[in-house]
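Spelled out, the chains give:
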Amino acid sequence: MVSNKTLFKEFINSYHTNSKYSKSITKLSKSKEKPPRSAVESSIRLISGDKLKKKINKWLNNNQININEHSSVDGIGHFYDGNKLKLLFVEFKHISKDDKKDLDNMIKKCKKDLKIKPLESLNCVLPHLIDRFCQNEKYCGKEKEFVSYLYSCPKAYICVINDSSPNKLFSQHLMENQDIFDIERLSKHPFDKVETMNPNKFKEFLKIKFNS
């Protein structure tokens, strides 16, 4: 009998091994400015949350543009800790302004966004993809097994902040208040680990989890 973990691995790998959805962290962490800057330079590949949400939004809206679209984190990945398969949800944020008023406005705007994105990725985007995946005859009728593993397996949500502002005002603010975006309230339900990291700390995390 095939385990739920094996089934889920087949599902997640179907996107991780597909170049349309699998992107390097260097690419996923690029800023929107011109020319863009990557928060983290790494060849490690994650599944593009943007590509996934666009895929299901087209399905749900019959290829029509709809403002009521699901949101997603920038990247979704998986790694092994011993024999355990763990999921990783990553969002990248770029800070370039040093004005206190601009900074406060940015934090206020991001607070809701940084909580909604991982929750919709977990509870909307991935379950919809599982539904579609199970239209394959091999997996037909196994939706509950996939979703059960999705909700029971260990999951981490990390927000990587790239502070390139002249005086590093945000970094100072973050040192005083680690949970500046209120994302830690997402732990331990539904995420076992929730943390804000700078790019260097995230690189160390990648080395440990992905043996890179």
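This section reports on the structure supplied with the text. (Residues numbered from 1 in each chain as written. Predicted model: local features only at pLDDT ≥ 70, side-chain atom pairs only at ≥ 80, totals over all residues. Heavy atoms only, no water.)

1. Thoughts on the pattern of salt bridges
With the rule as written, the count across this model stands at 13 salt bridges. One salt bridge in this structure joins Glu33 and Arg37, with 2.2 Å as the shortest N-O distance. The partly exposed category is assigned to Arg37, whose relative accessible area is 28%. Measuring nitrogen to oxygen at the nearest pair gives 2.8 Å for the salt bridge that ties Asp81 to Lys86. Looking at Asp81, the relative accessible area reads 38%, which means it is partly exposed. Look at Lys86 and you get buried, because its relative accessible area is 19%. In this structure, a network of salt bridges that share partners links the residues Glu91, Lys93, Asp113 and Lys117. (Salt bridge = Lys/Arg side-chain N within 4 Å of Asp/Glu carboxyl O. Buried < 20%, exposed > 50% of the residue type's maximum accessible area, 1.4 Å probe, protein only.)

2. Some points on the packing of helix α1 (residues 4–16) against helix α4 (residues 100–133)
Where α1 meets α4, the closest approach of the two axes is 11 Å, and the angle between their N-to-C directions is 100 degrees. Relative to α4, α1 is oriented roughly perpendicular. Only Leu126, Leu129, Ile130 and Phe133 of α4 make contact with α1, whose side of the interface consists of Phe8, Glu10, Phe11, Ser14 and Tyr15. In the contact of α1 with α4, the residues fall into 7 nonpolar, 1 polar and 1 charged. (Axes fitted to C-alpha atoms, helices over the stretch in contact; angles between N-to-C directions. Helix = DSSP H or I, 4+ residues; strand = E, 2+ residues; numbered from the N terminus. Parallel < 35°, antiparallel > 145°, perpendicular 65-115°, else oblique. Contact = heavy atoms within 4.5 Å. Nonpolar A, V, L, I, M, F, W, Y, C, P; charged D, E, K, R; others polar.)

3. Quick notes on a positive patch on the surface
A cluster of basic residues, Lys20, Lys27, Lys30, Arg45, Lys51 and Lys58, forms a positive patch at the surface. The topology assignment puts Lys20 in the loop between α1 and β1 (22–24). (Patch = residues over 30% accessible without salt bridge, like charges linked within 9 Å, V, L, I, M, F, W, Y side chains within 5 Å. Areas by Shrake-Rupley, 256 points an atom, 1.4 Å probe, with all protein chains shown as cover. Lys, Arg positive; Asp, Glu negative; His and termini not counted. Charge placed at Lys NZ, Arg CZ, Asp CG, Glu CD.)

4. Description of the packing of aromatic side chains
By the definition in use, this model includes 16 aromatic pairs. On the basis of an interplanar angle of 40 degrees and a centroid distance of 5.5 Å, the ring pair of Phe8 and Tyr149 is categorised as tilted. Highlighted residues: Phe8 in helix α1 and Tyr149 in helix α5 (residues 143–152), separated in sequence by 141 residues. On the basis of relative accessibility, which here comes to 12%, the residue Tyr149 falls in the buried class. Ring centres of Phe92 and Phe202 lie 5.9 Å apart, and the angle between their planes is 80 degrees; this geometry places the pair in the edge-to-face category. Of the two residues, Phe92 sits in strand β4 (residues 84–95) while Phe202 sits in helix α7 (residues 199–210), which places them 110 residues apart along the sequence. The buried category is assigned to Phe202, whose relative accessible area is 0%. Aromatic ring contacts, followed pair by pair, group Phe8, Phe11, Tyr15, Tyr21, Phe133, Tyr139, Phe146 and Tyr149 into a single cluster. When the ring centre of Trp59 is taken as reference, the NZ or CZ atom of Arg132 above it lies at 4.3 Å. (Phe/Tyr/Trp six-rings, centres within 6.5 Å; stacked < 30°, edge-to-face > 60°. Lys NZ or Arg CZ within 6 Å of the ring centre and 35° of its normal.)

5. A few points about the environment of Leu52
Considering the arrangement of structural elements, one finds Leu52 in helix α3 (residues 49–60). For Leu52, a relative accessible area of 2% puts it in the buried group. Distance in space between the C-alpha atoms of Leu52 and Ser72 is 8.1 Å, their sequence separation being 20 residues. Ignoring sequence-local partners within four residues, the contact set of Leu52 consists of Tyr15, Tyr21, Ile47, Ile76, Val125 and Leu129.

6. Describing the sheet that holds β1
With mixed pairing, the 6 strands of this open sheet are ordered in space as β1-β2-β3-β4-β5-β6. Each edge of the sheet is formed by a strand with only one pairing partner; in this case those strands are β1 and β6 (193–197). Going from strand to strand, the sheet's axes swing by 35 degrees on average, the running direction of each strand aside. Across the face of the sheet, α3 comes into contact with β1, β2 (45–48) and β3 (75–81) while running at roughly 25 degrees to β2. Where α4 meets the sheet, its contacts fall on β3, β4 and β5 (155–163), and the angle it forms with β4 comes to roughly 155 degrees. (Pairing = 2+ DSSP bridges.)

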